[in-house]
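# Structural features, examined
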Amino acid sequence: MNPENARIPMNLIRENVQPIKTNMKMKNVIITSFILALVLSGCGDKNQAPTAPPPPILPVLAITSANTTTDAEYPAAIQGTVDVEIRPQVSGNLDRIFVDEGAYVTKGQTLFKINERPFREQLNNALASLHAAEAALINANLEVDKLTPLVQNKVVSDYQLKTAKASQKIAAANIEQAKAMVGSAKINLGYTNVTAPVSGYIGRLPKKQGSLVSASDVEALTTLSDVHEVFAYFSLGETDFIHFKEQYAGSSLGDKIKKLPPVTLILADNSAYPKTGKIDMVDGQFDKTTGAITIRATFPNANGILRSGNTGRIRLGLNHDDAILVPQAATIEMQDKIFVFTVGKDNKVTKMPITVVGKSGTNYLIKDGVKSGDQIVISGIDKLQDGQAIQPEKSTKVAEVTNKK
């Protein structure tokens, strides 16, 4: 390369270097300004206090007292008005079975037939004994008739006539005994025809045709239930029974029973039996083992819907005067306790435990914890904290109350 050409003029270098330095200074100024802005922005965020969210707006309800009715349910066992075991009264082979399991039978209808031939022979034997006794009485009468005039004419002694009259009385007594034997034989013969003592439904038939049956058998021929009406038996504890008696006027328990309102039977599928029942019996004493007393309610059952052995629940209405009611939706349950959030004068809520003694519709009946005039939060309570401030909103929702006396 030519040295002359390799030399770059100094003035050209100065002209090119000057703009480069200027640009680099400008870039440094820009970067420095950006960093300073970030620092100032960060400092500003640290010095600025966070803004607190406003209190939530929640509906509030003022509690009032009212007369209401609560429903208490008690397990019940159902029986027919007549539940009878059909048992043979005589021993013998079961010749015929005239009914099927579950059939409806009427009073007096033949259910079973036991072999009657042995009992027919017993009747014939008793009749023969009766006829012999009647013949013996005739002979005794003839003997008395023969001796009476002879004694009067003093042909024979009076002793013979007295003996003949004694034989006459024995013959008459033998007739009575023979008649009793005939009657007994007829009864036993009648027992071979087993009939229904009441109208009702037949149960299971464990004995089959040809089985040997006896009055001493452990197992009955069948069971028969008269269910045109049914009895529902349920029990009340001592406390419930005292409250039960205080509900209704009357000087005696019998008077109170007459004034009891109808009761409802809840079936196993939680449906209500269409007919209401009437409480008509209270047991004479408490069960020592359970501490409960048995009560009976009678229900009509013309259609045969209910059968002996059914189970259900008796729903009993109890009246409450000036009861405190709280909507169930306004409560929260924690650790087997029920709470509501009451609102104070400073609009701060307090988590208050309540004592529930029953239900009326969608409301709880409250014994302790709140009183009439208290205000409670009725929705949005799942996120509330004890002592938290709210903005109360008066609610138009009122507890559904049934006023009854």
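Above this note sits the structure.
Scanning the protein chain from N- to C-terminus turns up six helices and 19 strands. For the protein chain, with 405 residues in total, the buried portion stands at 32%. Surface exposure of the protein chain reaches about 25500 Å², of which carbon and sulfur atoms provide 54%.

A separate point is the pairing of strand 16 (residues 349-360). Sheet topology note: the strand 15 (residues 337-343)/strand 16 ladder contains six bridges and is antiparallel. Across the sheet, the residue bridging to Val343 is Val349, located in strand 16. The antiparallel pairing of strand 15 with strand 16 creates a hairpin that spans five residues between the two strands, and Asn347 there sits at a positive phi of about 65°. With five bridges connecting them, strand 16 and strand 17 (residues 363-368) associate as antiparallel partners. Paired with Gly358 across the bridge in strand 17 is Leu365. From the end of strand 16 to the start of strand 17, which pair antiparallel, there are two residues, and Gly361 there has a positive phi angle of about 65°.

The strands making up a sheet are joined through hydrogen bonds of the backbone, oriented either antiparallel or parallel. One open sheet holds the four strands; their spatial order is 6-5-3-8, and the pairing between them is antiparallel. Two strands close off the open sheet at either side, each with one partner strand: strand 6 (193-195) and strand 8 (212-213). Bridge analysis of strand 3 (residues 92-97) against strand 5 (residues 110-114) gives three bridges, and the strand direction is antiparallel. Along strand 5, the bridge assignment pairs Ile97 with Phe112.

Mapped onto the secondary structure, Leu205 falls in the loop between strand 7 (200-202) and strand 8. Once the C-alpha coordinates of Leu205 and Thr222 are considered, the two residues, 17 residues apart in sequence, prove to be 5.3 Å apart. Apart from the residues within four sequence positions on either side, Leu205 is in contact with Ile97, Val99, Asp100, Glu101, Phe112, Leu221 and Thr222.

Applying the stated criterion to the full structure yields one cavity of 30 Å³ or more. In this structure, the largest cavity occupies an estimated 30 Å³ of space. Contributing to the lining of the largest cavity are Phe244, Lys245, Tyr248, Leu253, Lys256, Ile257 and Leu260. Elements with a contribution of two residues or more to the lining of the largest cavity: helix 5 (238-246) and helix 6 (253-258).

Turning to the side chain of Thr192, a few remarks are in order. Inspection of the secondary structure assignment puts Thr192 in the loop between helix 4 (158-191) and strand 6. By relative accessible area, Thr192 is classed as buried at 0%. Within the structure, Thr192 has its side chain in polar contact with the backbone oxygen of Leu189 (distance 2.4 Å). Setting aside chain neighbours within four positions, we find Thr192 in contact with Val90, Phe112, Lys113, Ile114, Asn115, Glu116 and Phe119.

Moving on, we come to the side chain of Ser214. For Ser214, the location among the structural elements is in the loop between strand 8 and strand 9 (222-237). Assessed through its relative accessible area of 18%, Ser214 is described here as buried. There is a polar contact of 3.2 Å between the side chain of Ser214 and the side chain of Ser91. Side chain to side chain, Ser214 and Ser216 meet in a polar contact 3.2 Å long. Non-local contacts of Ser214, meaning those with residues more than four positions away in its chain, are made with Pro88, Val90 and Ser91.

A separate point is the environment of Thr223. Within the secondary structure, Thr223 is located in strand 9. Distance from Thr223 to Arg87, taken between C-alpha atoms, is 8.7 Å for residues 136 residues apart in sequence. The residues contacting Thr223, other than those within four sequence positions of it, are Val84, Glu85, Tyr201, Ile202, Gly203 and Arg204.

Glancing now at the packing of helix 3 (residues 117-152) against helix 4. At a closest axis distance of 8 Å, the pairing of helix 3 and helix 4 adopts a crossing angle of 165°. In terms of axis orientation, helix 3 runs roughly antiparallel to helix 4. Helix-helix and strand crossings are classified by hand; for helix 3 and helix 4 the assignment is left-handed. Considered class by class, the residues forming the contact of helix 3 with helix 4 number 22 nonpolar, nine polar and seven charged.

Moving on: the layout of surface pockets. By volume, the second largest pocket amounts to about 180 Å³. Broken down by secondary-structure element, the contributors of at least two residues to the lining of the second largest pocket are strand 2 (65-86), helix 5, strand 13 (311-327) and strand 16. Residue contributions to the lining of the second largest pocket peak at four residues, all from strand 2. Across the lining of the second largest pocket, the residue classes break down as four nonpolar, five polar and three charged.

How each quantity is defined
- Residues numbered from 1 in each chain as written.
- Predicted model: local features only at pLDDT ≥ 70, side-chain atom pairs only at ≥ 80, totals over all residues.
- Heavy atoms only, no water.
- Helix = DSSP H or I, 4+ residues; strand = E, 2+ residues; numbered from the N terminus.
- Buried < 20%, exposed > 50% of the residue type's maximum accessible area, 1.4 Å probe, protein only.
- Areas by Shrake-Rupley, 256 points an atom, 1.4 Å probe, with all protein chains shown as cover.
- Pairing = 2+ DSSP bridges.
- Contact = heavy atoms within 4.5 Å.
- 1 Å grid on protein atoms, 1.4 Å probe; cavity = no way out; pocket = protein on both sides within 12 Å on 5 of 7 lines; lining within 4 Å.
- Points joined across faces, edges and corners; volume = space filled by probe spheres on them.
- Polar contact = N/O pair within 3.5 Å; in protein donor to acceptor, adjacent residues only side chain to side chain.
- Axes fitted to C-alpha atoms, helices over the stretch in contact; angles between N-to-C directions.
- Parallel < 35°, antiparallel > 145°, perpendicular 65-115°, else oblique.
- Left-handed = near helix turned anticlockwise from the far one by under 90°.
- Nonpolar A, V, L, I, M, F, W, Y, C, P; charged D, E, K, R; others polar.

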